Amino acid sequence: GDFFVSCNFSRNTFVAKNFADKCIEIIDRYEFPREELILEITESVAIIDYDTMYYNAKRMKEYGTSIALDDFGSGSASFFDLKKYKFDGLKIDKDLVKHLSTKEGEIILSGLIDIGHKLNMTVLAEGAETKEQVDKLVKINCDVIQGFYFYKPMPVYEAKKYLYIRND
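Novice: Which residues make up the side chain of R34, and what values go with them?
Specialist: Within the fold, R34 resides in the loop between helix 2 (19-27) and strand 2 (37-42). In this structure the side chain of R34 is engaged in a polar contact, spanning 3.4 Å, whose partner is the backbone oxygen of I27. Sequence-distant contacts of R34, defined by excluding residues within four places in its chain, comprise I27, D28, Y63, G64 and T65.

Novice: Please provide a residue-by-residue account of the nonpolar core, values included.
Specialist: Among the nonpolar cores identified, the biggest contains 38 residues, and F14, M60 and L137 are the most heavily contacted of them. For this core, the leading source of residues is helix 2, giving five residues.

Novice: Any chance you could break down the packing of aromatic side chains for me, citing the residues and the numbers?
Specialist: By the definition in use, this model includes three aromatic pairs. Seen in terms of ring centroids, F14 and F19 are 4.5 Å apart; in terms of plane orientation they differ by 40°. Their pairing is tilted. Pair check on accessibility: F14 and F19 agree, each one buried. Seen in terms of ring centroids, Y149 and F150 are 5.2 Å apart; in terms of plane orientation they differ by 85°. Their pairing is edge-to-face. By relative accessible area, Y149 is classed as partly exposed at 37%. Looking at F150, the relative accessible area reads 39%, which means it is partly exposed.

Novice: Could you give me a rundown of the sheet that holds strand 1 (residues 5-10), with the residues and numbers involved?
Specialist: Read across the sheet, six strands follow the order 1-2-3-4-5-6 without closing on themselves; strand pairing throughout is parallel. On the outer flanks of this sheet lie strand 1 and strand 6 (144-145), each paired with one strand and no other. Here two bridges tie strand 5 (residues 122-125) to strand 6, and the two strands are oriented parallel to one another. Residue pairing in the sheet places L124 in a bridge with V144 of strand 6.

Novice: Please give an account of the layout of surface pockets that cites residues and values.
Specialist: Empty space among the atoms can be located by rolling a probe the size of a water molecule over them. Of the voids in this model, the largest pocket is the one considered here, and its volume is about 770 Å³. For the largest pocket, the lining is made up of 20 residues, of which F3, F4, Q146, Y151 and L163 are closest to its centre. Going through the elements one at a time, strand 1 and strand 6 are the ones with two or more residues in the lining of the largest pocket. For the lining of the largest pocket, the per-class residue count stands at 14 nonpolar, three polar and three charged. Empty space within the second largest pocket amounts to approximately 330 Å³.

Novice: Summarise the pairing of strand 3 (residues 66-72); cite the residues concerned and give the values.
Specialist: Of all the seven residues making up strand 3, six are buried; the element is thus mostly covered by neighbouring parts of the structure. Here four bridges tie strand 2 to strand 3, and the two strands are oriented parallel to one another. Paired with L39 across the bridge in strand 3 is I67. The sheet contact formed by strand 3 and strand 4 (residues 89-92) spans three bridges and is parallel. Bridging across to strand 4, L69 finds its partner in L90.

Novice: Quick one: what's the story with the side chain of T52, residue by residue and with numbers?
Specialist: Its place among the elements puts T52 in helix 3 (residues 50-63). On the basis of relative accessibility, which here comes to 8%, the residue T52 falls in the buried class. A polar atom in the side chain of T52 sits 3.1 Å from the side chain of K17. The contacts of T52, once residues within four sequence positions are left out, are V15, A16 and K17.

Cut-offs and rules
Residues numbered from 1 in each chain as written. Predicted model: local features only at pLDDT ≥ 70, side-chain atom pairs only at ≥ 80, totals over all residues. Heavy atoms only, no water. Helix = DSSP H or I, 4+ residues; strand = E, 2+ residues; numbered from the N terminus. Polar contact = N/O pair within 3.5 Å; in protein donor to acceptor, adjacent residues only side chain to side chain. Contact = heavy atoms within 4.5 Å. Core = buried A, V, L, I, M, F, W, Y, C linked by side-chain atoms within 4.5 Å. Buried < 20%, exposed > 50% of the residue type's maximum accessible area, 1.4 Å probe, protein only. Phe/Tyr/Trp six-rings, centres within 6.5 Å; stacked < 30°, edge-to-face > 60°. Pairing = 2+ DSSP bridges. 1 Å grid on protein atoms, 1.4 Å probe; cavity = no way out; pocket = protein on both sides within 12 Å on 5 of 7 lines; lining within 4 Å. Points joined across faces, edges and corners; volume = space filled by probe spheres on them. Nonpolar A, V, L, I, M, F, W, Y, C, P; charged D, E, K, R; others polar.

If you want it as structure tokens, here you go:
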């Protein structure tokens, strides 16, 4: 669908041995299409247990959720991560979007989007603040664009004006 919910988890949280069990226990309390839930793994400089991270990601994907790598390009995430974990989505960090106005910035971002697509990932760019950035992201085939250009953070009561929320 056109609607999804993302939940961010640090890599340190995502490698907890009971992470998948706890997530499934919480998610099972609610009725909604599991494919509308995206678990985002955020950057972390800590040394992590790659085997447990892979196990948890695989288990949550089998359960029906999607897994995305958040903030790609901001620090410790690498092409190794993209190769190893078969993520469903790639969220490109806002600092790369900020440099979209330069030739080099556009080349790098275009290349990352192309890599994401070739790895069968949906690519989202964070931090779009201007029409020029949005236009360039569309031009280089970015799948989803997020940023203040569309909406700034808002309280729940205001967000409800834009969404159909059932109260039953």
